[in-house]
Amino acid sequence: MTTLPQRELFDVGGQAVYEPPAARRCPTSVAAADRIRVPAKTYLGRVLEALRDGPKTDDQLCEYTGLRDNSVRPRRIDLVRRGLVENSGAVRLTRSGREAIVWRLRPTEEETGCRSS
């Protein structure tokens, strides 16, 4: 059984992007991973742009970007891990009536007036 490699970080045009997983000994898996590398970068940008337009739940991010939840959530999680997005502390109801976290862009140093030492 071939194991999937750990996700590796690489740079595309000055933007850090995770390499899609692939079974490296399987040519079709490698080809499929290569095809999704660019859309993954694009999806990340679309989620980030949606949050620049204002705080949103994952459900609202899906609606705004036109992406499915299984494409939005991993990108939003990645943005949280990078420190660019945070939980706003607010919740909103989804279309199904459940409460969901509202995510927002993290304020920059200029916006908060704070500087890291």
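Residues numbered from 1 in each chain as written. Predicted model: local features only at pLDDT ≥ 70, side-chain atom pairs only at ≥ 80, totals over all residues. Heavy atoms only, no water.

Caption draft 1: Summary view of helix H3 (residues 69-81). Taking 1.5 Å as the rise per residue, H3 with 13 residues should run 18 Å; its terminal C-alpha atoms sit 18 Å apart, in good agreement. Of all the residues in H3, the buried ones are Ser71, Val72, Arg75, Arg76, Asp78 and Leu79. An end-on view of H3 places all buried positions within 155° of arc, on one side of the element. Opposite the buried face of H3, at more than 90 degrees from it, the exposed residues are Asn70 and Arg81. (Helix = DSSP H or I, 4+ residues; strand = E, 2+ residues; numbered from the N terminus. Expected span 1.5 Å × (residues − 1). Buried < 20%, exposed > 50% of the residue type's maximum accessible area, 1.4 Å probe, protein only. Arc of directions from axis to C-beta.)

Caption draft 2: Up close: the pattern of salt bridges. Inspection of the entire model under this criterion finds 9 salt bridges. Across the pair Asp58 and Arg76 runs a salt bridge whose closest N-O atoms are separated by 2.8 Å. Of this pair, Asp58 sits in helix H2 (residues 58-65) while Arg76 sits in helix H3; the two residues are 18 residues apart in sequence, bridging distant segments of the chain. Arg76 carries the same exposure label as Asp58, and that label is buried. (Salt bridge = Lys/Arg side-chain N within 4 Å of Asp/Glu carboxyl O.)

Caption draft 3: Focus on the environment of Arg95. Relative to the helices and strands, Arg95 is located in the loop between strand S3 (85-93) and strand S4 (99-105). Sequence-wise, Arg95 and Gln60 are 35 residues apart; in three dimensions their C-alpha atoms are separated by 9.4 Å. Side-chain polar atoms of Arg95 contact the side chain of Asp59, separated by 2.8 Å. (Polar contact = N/O pair within 3.5 Å; in protein donor to acceptor, adjacent residues only side chain to side chain.)

Caption draft 4: Structural context of the nonpolar core. Of all hydrophobic cores here, the largest spans 12 residues; its members are Leu44, Val47, Leu48, Ala50, Leu51, Leu61, Cys62, Leu67, Val72, Leu79, Val85 and Trp103. Of all the elements in the fold, those that place two or more residues in this core are helix H1 (27-52), H2 and H3. With 5 residues, H1 is the single largest residue contributor to this core. If we ignore the near neighbours within four places in the chain, the residues touching Cys62 are Leu67, Arg68, Asp69 and Val72. (Core = buried A, V, L, I, M, F, W, Y, C linked by side-chain atoms within 4.5 Å. Contact = heavy atoms within 4.5 Å.)

Caption draft 5: Quick look at the packing of aromatic side chains. According to the stated counting rule, one finds 0 aromatic pairs in the structure shown. The ring of Tyr64 is capped by Lys56, whose NZ or CZ atom sits 4.7 Å from the centre of that ring. (Phe/Tyr/Trp six-rings, centres within 6.5 Å; stacked < 30°, edge-to-face > 60°. Lys NZ or Arg CZ within 6 Å of the ring centre and 35° of its normal.)

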